[in-house]
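# Observations on the three-dimensional arrangement
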Amino acid sequence: MPFEKTKKIWMDGALVDWDDARIHVLSHTLHYGSGVFEGIRAYPTDRGPAIFRLTDHMRRLHQSAHLLMMKVPFTVQELVDATKETIRANDVESCYIRPLVYLGYGEMGLNPLPCPVNVSIALWPWASYLGDEGVRNGVRLQVSSWRRMDPNVMPVAAKGTGIYVNSSLAKVEAIKAGYDEAILLNTLGYVAECTGENLFTVRDGVISTPPTSSGALDGLTRASVMTIARDLGYPVVEAKLLRSDLYLADEAFLTGTAAEIVPMRSVDDRQIGDRGGDPGPITKEIQAAYFDAVYARNPKYSDWLEYADE
Ligand code: PPE
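Just so it is clear, the model here is predicted, and its values are computed rather than measured. (Residues numbered from 1 in each chain as written. Predicted model: local features only at pLDDT ≥ 70, side-chain atom pairs only at ≥ 80, totals over all residues. Heavy atoms only, no water.)

## A closer look at the packing of aromatic side chains
- Enumeration according to the criterion identifies 15 aromatic pairs in this entry.
- Between Y43 and Y295 the ring centres are 5.0 Å apart and the planes differ by 70°, which places this aromatic pair in the edge-to-face class. Within this pair, whereas Y43 is found in strand β4 (residues 40-43), its partner Y295 is found in the loop between α8 (281-294) and β17 (305-307), the two being separated by 252 residues in sequence.
- On the basis of relative accessible area, Y295 is assigned to the partly exposed category, the value being 30%.
- Judged by centre distance (5.9 Å) and plane angle (65°), the rings of Y290 and F291 are edge-to-face. Accessibility assignment for this pair places Y290 and F291 in one class, buried.
- Taken together, Y43, F52, Y290, F291, Y295, Y301 and W304 form an aromatic cluster joined through their ring pairs. (Phe/Tyr/Trp six-rings, centres within 6.5 Å; stacked < 30°, edge-to-face > 60°. Helix = DSSP H or I, 4+ residues; strand = E, 2+ residues; numbered from the N terminus. Buried < 20%, exposed > 50% of the residue type's maximum accessible area, 1.4 Å probe, protein only.)

Right, here's the structure in full:
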C-alpha cells in the first residue's frame, strides 16, 4: 500500500523530520525480528482527530513487549500523549498510526537483553487496507498453505515484527494466486485469522469468531465488533472453526484497524451466502455501526475515542 509522507516522526521522546527518522544498520531488530508494533487509526470529527481506542492499543503494545521480555522505556500514558503530540505536529485530520518498539544499536548476537529499547511513532493518511471497493463489496480469500505460527513456536499474542514473516508468506501466496487476502489455519487445522485481520462468520443468525487459543490476535476491532453485535441483539460466540464452516457461512467478514470491516465474497472460490457473493445484511449493519462509532456518530461508544486536541 503506497503512503504519503507527513512532516514529523516521534523518536524516543523527540519529534524529528520525516526524512531524518533513521536507524543504524546494525540495529538488533533489523537482524532478528525482535520488535513489537501497533496499528491505530484516527478519524476526523467535529472535535478534531478522534483516535480509536488509543490507550487500549498502547496497553497491548506494552503486553507484546512483555511477552518478548522488552522493557518499554515509556509508560502507556506517555505513549498516549506522544501520539496526540505527533498528530498535532503533522496537522492531519485522519491517519493511520504505527508505533514501533525495537531493539536498537548497541550489541549484536541473539541475546536481546543488553540491547537498548527504542520507540518510534509514525503516522500518515491511509485508505482502507483492502481498498474502498473491498469495504463496499467484499474481497475474495484463499485458505493458505502456510499455517499460523504455533503458540509454542512464537507467542502469537504478541504483535511481534518477526511473526509477520508468516503473514507475509501467506499474503504473497494469495495475491500471486489472484486472491485479495489469505486465511491461516493453525497447526491443528482450525481457522485462526487472516494475515492482518481477525475474521467472523454468521450462520443462522449466530456470529462466530475463532478464540485467541486458536491463534487469533486479541484484536481491538474484533472486541469492538463483538460489543456492537451484542448491542444490536445478535448472539456472539468464540468458537473453533473449520474451513468448511467458512464455506457454509451465510455471511463472513474480516476486521482490523488497517482494513476496518471488510465483507468476504468467497473463500477458496466458494461464494459466501446466496447473494452472488454480495455482503449480507448483518455484515452491513455491523459495518455501519462500527463506522458510526469511529466517526463519533454514536455517543454510546464515546469512551472508545480519545481526541488529539484535548
Ligand atoms: N490479526 C493480525 C495478525 C493483525 O495483524 C491485526 C492487526 C489484527 C488481527 C486485528 O487487530 P486490531 O487492529 O486490533 O483489530 N493488524 C494491523 C497491522 C496490519 C498490517 O498489515 O500492517 C492493523 O490492522 O493495523
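## Observations concerning a nonpolar patch on the surface
- Residues I23, V25, L26, L30, Y32, Y105, M108 and L110 make up a contiguous nonpolar surface patch of about 820 Å² in total accessible area.
- Within the fold, Y105 resides in the loop between β6 (95-103) and β7 (117-124). (Patch = residues over 30% accessible without salt bridge, like charges linked within 9 Å, V, L, I, M, F, W, Y side chains within 5 Å. Areas by Shrake-Rupley, 256 points an atom, 1.4 Å probe, with all protein chains shown as cover. Salt bridge = Lys/Arg side-chain N within 4 Å of Asp/Glu carboxyl O.)

## Section: the site of the ligand
- Residues in close proximity to the ligand total 22 residues, the closest being Y96, Y164, E193, T221 and T257.
- Between the ligand and the protein, one listed contact pairs an oxygen atom with a side-chain N or O atom of Y164 at 2.4 Å.
- Separating a nitrogen atom of the ligand from a backbone N or O atom of G196 is a distance of 3.2 Å.
- Here the ligand loses 94% of its free accessible area of 550 Å² to cover by the protein chains.
- Put simply, the ligand lies in the largest pocket.
- Looking at the shell around the ligand, the elements that each hand over two or more residues are α2 (54-67), β6, α6 (220-231) and β14 (251-256).
- When the residues that make up the shell around the ligand are grouped by side-chain class, the tally is six nonpolar, ten polar and six charged.
- Among the domains, domain 1 (8-124) and domain 2 (132-294) are the pair contributing at least three residues each to the shell around the ligand. (Near = heavy atom within 4 Å. Polar contact = N/O pair within 3.5 Å; in protein donor to acceptor, adjacent residues only side chain to side chain. 1 Å grid on protein atoms, 1.4 Å probe; cavity = no way out; pocket = protein on both sides within 12 Å on 5 of 7 lines; lining within 4 Å. Sits in = over half its atoms within 2 Å of the grid points. Nonpolar A, V, L, I, M, F, W, Y, C, P; charged D, E, K, R; others polar. Domains from an automatic or database assignment.)

## Looking at helix α5 (residues 164-176)
- For α5, with 13 residues, the first-to-last C-alpha span of 18 Å sits near the 18 Å given by 1.5 Å per residue.
- Along α5, the positions that sit buried rather than exposed are N166, S167, A170, K171 and A174. Mapping the buried residues of α5 onto a view down its axis gives an arc of 130°, with all of them on the same face. Summarising the geometry of α5, the exposed residues directed more than 90 degrees from the buried face are V165 and K176. (Expected span 1.5 Å × (residues − 1). Arc of directions from axis to C-beta.)

## Let's talk about the domain arrangement of the protein chain
- Domain annotation of the protein chain identifies domain 1 (8-124) and domain 2 (132-294).
- Of note, the centres of domain 1 and domain 2, computed from C-alpha atoms alone, are 26 Å apart.
- Each partner contributes residues to the interface: domain 1 has 21 residues there, and domain 2 has 19 residues.
- Summing both partners gives a buried area of about 1,700 Å² for domain 1 against domain 2, and 64% of it is carried by carbon and sulfur. (Contact = heavy atoms within 4.5 Å. Buried area = accessible area lost by both parts, 1.4 Å probe.)

## Some words on the pairing of strand β9 (residues 181-185)
- In terms of residue burial, β9 counts as a mostly covered element, since five of its five residues are buried.
- In terms of strand pairing, strand β8 (residues 139-143) meets β9 through three bridges, oriented parallel. The residue of β9 that forms the bridge with V143 is I183.
- At this point the chain moves from β8, through α5, to the parallel β9, and the crossover so formed is right-handed.
- Pairing of β9 with strand β10 (residues 191-194), which is carried by three bridges, proceeds in the antiparallel orientation. Bridging from a neighbouring strand, I183 pairs with C194 of β10.
- Hairpin geometry of β9 and β10 is characterised by an intervening segment of five residues between the two adjacent antiparallel strands and by a positive phi of about 100° at G189. (Pairing = 2+ DSSP bridges. Right-handed = clockwise from strand over helix to strand, strands pointing away.)

## Here we look at unusual backbone geometry
- Of note, the phi angle at M69 is positive, near 55°, even though the residue is not glycine.
- Residue position: M69 is located in the loop between α2 and α3 (76-90).
- Located in the positive-phi region is D91, a residue other than glycine, with phi close to 55°.
- With respect to the helices and strands, D91 occurs in the loop between α3 and β6.
- Looking at D91, the relative accessible area reads 62%, which means it is exposed.

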